[in-house]
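# Structural features, examined
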Amino acid sequence: MTDLTTNNKLKRMPAEWERHMAVQLTWPHDDTDWQPILDEITGTYVEMAVAIASRERLIVVTPKPEEVAEQLKRAGMKEEALARTDIITCNTDDTWARDHGFITLSDDTYTDDSTQKTEERTEKSRHLYLLDFCFNGWGRKFEAEQDNAINRRLFAAGAVEGEYENHLDFVLEGGSIESDGQGTIFTTTGCLMAPNRNQPLTRLQIEEQLKRRLHADRVVWLDYGSLAGDDTDGHIDTLVRIAPHNTLLYIGCDNPEDEHYEELTLMERQLKTLKTADGQPYRLLRLPLPEPIYDEGDRLPATYANYLVLNNAVLCPTYGQPELDNVAMETIAKAFTDREIVGIDCRSIIRQHGSLHCCTMQIYSQTDF
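Bear in mind that the values here come from a model prediction, so they are computed numbers and not experimental data.

## Details of the sheet that holds strand β2 (residues 57-62)
- Ordered by their spatial adjacency, 4 strands build an open sheet running β3-β2-β1-β19, and the pairing between neighbours is mixed. The open sheet is flanked by β3 (85-89) and β19 (360-364), the only strands paired with a single partner. For this sheet, the mean angle separating the axes of adjacent strands, direction not counted, is 25°.
- Where β2 and β3 come together, 5 bridges link them in parallel fashion. Each bridged residue has a counterpart across the sheet, and for V61 the counterpart in β3 is I88.
- Sheet contacts for helix α1 (residues 38-53): β1 (20-26), β2, β3 and β19; angle to β1, the most-contacted strand, approximately 170°.
- Running over the sheet, helix α2 (residues 65-74) touches β2 and β3 and is turned about 155° from β3.

Here's what the structure looks like:
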């Protein structure tokens, strides 16, 4: 059992925009739910892999390593990017690395100011803690036993840096929390209070668990917001994201006829009442809601909030809606002024009710700049 009595000030959950060592992808294969569109989704994963490995190290988890290596070579991935790609053999149930991947803590108090020029930054080392929480298929909706063992396999293979911490007695998905890197965690009532997560714990008890395990000073709960077709019960990374300088990017809806209008309007109102730890209002940047996309009559949870921050870029989901896609990327660029904004077509990913951020998990570096 993990010792949870350590002084909170010694550890913190980094913000996503801090320096990564790598990004993890858990690759689709024909024994997953991706089988009916395997060629299409594989093409999307190859595109993500190329975009990531051209900028930082990539870790691919798959039961079929030779097949993945061949797919990347056929796609024309450059030698230097291939050299930065580690393919780890591991059986998997599905591909949602955000939710079965390690949640990392750091023992330093350094947060990257993304506006500071690279040549002015001072390298700083830090100790990392790799927290392995229980992933149970979003409240036992799907099989997850093999996915829940991936972290232990990665750690045993030496693929990740840091000190392993066993938190498998508590259900927590990476997509359900956002960190500002300074002690504030955002989450949603809809997800963390959903059935088959951590009952019979109350909201107050869950908040205390989050504070202790993530060494947070405070937890901000969002009480509104959900997307049709979302299997996660309202992950924060589909709705609201934290960015540098106390900025929140969030999904808004202008169409009163849209089924999301009421919930997203209530969420927006709540966001306008929130204050930072210093008592200041957040800077709010509103992302558009994509036009409805359906699969066999069911609306899919397309969202521009599900972007991934890399060391020098942001990968932004797009949905074949050029005007809205451009507005979303321009809005994200306002929050990440020092990073290239790269669009990734995610129409294949949302067929299984997730998007770009859901497919990935950042693994932090033990040195920062």
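## Points about α1
- Look at α1: 22 Å from first C-alpha to last across 16 residues, which is about the 22 Å you get at 1.5 Å a residue.
- Of the residues making up α1, those classed as buried are L38, I41, T42, T44, Y45, V46, M48, A49, A51, I52 and A53.

## Observations regarding the packing of aromatic side chains
- On inspection of all chains with the given rule, the structure shows 11 aromatic pairs.
- Centroid distance F135 to W138: 5.2 Å. Interplanar angle 80°. Geometry classified as edge-to-face. The same class applies to F135 and to W138, which are both buried.
- Between the aromatic rings of F155 and Y164, the centroid separation amounts to 5.4 Å while the plane-to-plane angle is 45°, which identifies the pairing as tilted.
- Among the residues examined, Y164 registers a relative accessible area of 24% and is labelled partly exposed.
- Ring-pair connections join several aromatic residues into one group, and the members of that group are W17, Y307 and F336.
- Taking NZ or CZ as reference, K11 lies 4.0 Å from the ring centre of Y129, over its face.

Definitions and cut-offs
Residues numbered from 1 in each chain as written. Predicted model: local features only at pLDDT ≥ 70, side-chain atom pairs only at ≥ 80, totals over all residues. Heavy atoms only, no water. Pairing = 2+ DSSP bridges. Helix = DSSP H or I, 4+ residues; strand = E, 2+ residues; numbered from the N terminus. Axes fitted to C-alpha atoms, helices over the stretch in contact; angles between N-to-C directions. Contact = heavy atoms within 4.5 Å. Expected span 1.5 Å × (residues − 1). Buried < 20%, exposed > 50% of the residue type's maximum accessible area, 1.4 Å probe, protein only. Phe/Tyr/Trp six-rings, centres within 6.5 Å; stacked < 30°, edge-to-face > 60°. Lys NZ or Arg CZ within 6 Å of the ring centre and 35° of its normal.

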